[in-house]
There are 2 protein chains.
Amino acid sequence: MAGPRGEYRKSAQRREQILDAAFVVFSRSGYTAGSVSEIARQVGISQTSVMHHFAGGKLALLRGVLERRDATAEGLLQGLEGRDFLGALVEISRRQTGQRGVVQLYRILSTEATDPEHPAHAYFRERSHRIADAVTVAFAQAKAAGQLREGVDPRAAALSTLSMTEGLEMMWLYGHDVDMADDIRVFIDSFLTDPLEPAAGRSAIALGD
Amino acid sequence: MAGPRGEYRKSAQRREQILDAAFVVFSRSGYTAGSVSEIARQVGISQTSVMHHFAGGKLALLRGVLERRDATAEGLLQGLEGRDFLGALVEISRRQTGQRGVVQLYRILSTEATDPEHPAHAYFRERSHRIADAVTVAFAQAKAAGQLREGVDPRAAALSTLSMTEGLEMMWLYGHDVDMADDIRVFIDSFLTDPLEPAAGRSAIALGD
């Protein structure tokens, strides 16, 4: 018989199954058109069971999907500062080239939510500003270490780096000849006195896969 | 009594009304969730009447909305080459700062359609590549005229200019401190031997409003 810890594990597994299904449904239909009932059907459980695990409904499911994705990125950035943080952004882009579905889903959801009346607008807006602040801090640390070219403003560098990252994702999804990782590395290099090291950085981090 | 020409005018007006409604509905619900019946209701006509004007249904309505928007941009680019074409791209971005709804709609629809199975995928993909080709030609013309910095590749410059444009739109929609027009001008300037002229270009073209 499953004790309390067995129950907990079972519940955690069920949450993961639901998030997998939510990922598939949101990828296919977007957030507005995706439905909790379709997610429940995919898992083979009732809508009530889904709500038992995600009391906040569709928005809670969206957060769950995105937080799972963000956790991977945050793991890569953990404890990094300045140039190292900027190098890890390149690595995050590199990993995304193998995850078209994730990139597509994130682009679709975050774009739908540009509408101020969209239920996830505040969530995405807050997330976007949080990331911009973190990247600004990294550029400021690089500046303090004398690693930025003269006249580069950390905030402006951060905002344009993020613009370029988002735009490259769109161009990549439409089949243009861009390399999300190398192109963002070259772009970040344009702010730095010494370039990030593509080959070493790539293989060193990729070993952790 | 309305003769054939009166009938034609009436029909053209009705098409415009339908496209206005399609714009509103797609802006609010996106393409997938937006419905022809809702568009018909907005105009106060039947769904059959909408289909009479747009036999291709929802996809034809989407094309109609986007082509109306593209016609304005194409008018600005008409007959321009090289640097002048690139300067007009800046002007197009400047005009968009007054049209949040248009930017938002275009971003939402083009992002939904990144899914290869989306009915408008081929349309957006073809459009995106057509624009990339036109911007590449403009950079190549600038290069031939000796106006590009050494080592700048027209194709790479075009793809990164378009990435930056798309990304800046997203950042702007999320309330970041970016200036879509000035930021893209500075970005294009980074490829040019002589900068585009912001103030003169702005007032000269803006007079045509």
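Please read all numbers here as calculations on a predicted model, not as lab measurements.

### A short note on the environment of T48(A)
Part 1 of the reasoning: Mapped onto the elements, T48(A) comes out in helix α3 (residues 47–53).
Part 2 of the reasoning: Counting along the chain gives 12 residues from T48(A) to V36(A), while the straight-line C-alpha distance between them is 9.6 Å.

### As for the relation of the copies chain A and chain B
Part 1 of the reasoning: If you rotate chain A by 180° and push it 0.0 Å along the axis, it lands on chain B with an RMSD of 0.0 Å. The two molecules are tied by a two-fold rotation axis, judged by turn and shift. It is G167(A) whose C-alpha, among those of chain A, lies nearest the rotation axis, at 2.1 Å.
Part 2 of the reasoning: Most of the interface of chain A is mirrored in chain B: 100% of its interface residues are interface residues there too.

### Topic: the packing of aromatic side chains
Part 1 of the reasoning: For the structure shown, the criterion picks out nine aromatic pairs over all chains.
Part 2 of the reasoning: Here F139(A) and F191(A) contribute two aromatic rings whose centre-to-centre distance is 5.6 Å and whose plane-to-plane angle is 85°, an arrangement assigned as edge-to-face. Of this pair, F139(A) sits in helix α7 (residues 121–144) while F191(A) is found in the loop between α9 (180–189) and α10 (198–206), placing the two residues 52 residues apart along the sequence. As far as the burial class goes, F139(A) and F191(A) line up, both buried.
Part 3 of the reasoning: Pairwise contacts between aromatic rings join F139(A), F187(A), F191(A), F139(B), F187(B) and F191(B) into one cluster.
Part 4 of the reasoning: The ring of Y106(A) carries the charged tip of R69(A) above its face, separated from the ring centre by 4.5 Å.

### A look at empty space enclosed by the protein
Part 1 of the reasoning: One pass over the structure, following the stated rule, counts one cavity of 30 Å³ or more.
Part 2 of the reasoning: Put simply, the largest cavity is a space of about 60 Å³.
Part 3 of the reasoning: If you trace the largest cavity, you find 13 residues lining it, with S29(A), E112(A), S29(B), T32(B) and E112(B) closest to the centre.
Part 4 of the reasoning: At the level of elements, α1 (4–33) and α6 (100–112) of chain A together with α1 (4–33) of chain B are the ones that each hand at least two residues to the lining of the largest cavity.

### Examining the pattern of salt bridges
Part 1 of the reasoning: A full pass over the atoms with the stated rule returns 28 salt bridges over all chains.
Part 2 of the reasoning: With a closest N to O distance of 2.6 Å, E38(B) and R41(B) form a salt bridge. Residue E38(B) and its partner R41(B) are both found in helix α2 (residues 36–43); the two are separated by three residues, about one turn of the helix.
Part 3 of the reasoning: Three or more residues are tied together by salt bridges with common partners; here these are E91(A), R94(A), R95(A), D182(A), R185(A) and D189(A).

About the thresholds
- Residues numbered from 1 in each chain as written.
- Chains lettered and ligands numbered in written order.
- Predicted model: local features only at pLDDT ≥ 70, side-chain atom pairs only at ≥ 80, totals over all residues.
- Heavy atoms only, no water.
- Helix = DSSP H or I, 4+ residues; strand = E, 2+ residues; numbered from the N terminus.
- Least-squares fit on C-alpha atoms with pLDDT ≥ 70 in both.
- Contact = heavy atoms within 4.5 Å.
- Phe/Tyr/Trp six-rings, centres within 6.5 Å; stacked < 30°, edge-to-face > 60°.
- Buried < 20%, exposed > 50% of the residue type's maximum accessible area, 1.4 Å probe, protein only.
- Lys NZ or Arg CZ within 6 Å of the ring centre and 35° of its normal.
- 1 Å grid on protein atoms, 1.4 Å probe; cavity = no way out; pocket = protein on both sides within 12 Å on 5 of 7 lines; lining within 4 Å.
- Points joined across faces, edges and corners; volume = space filled by probe spheres on them.
- Salt bridge = Lys/Arg side-chain N within 4 Å of Asp/Glu carboxyl O.

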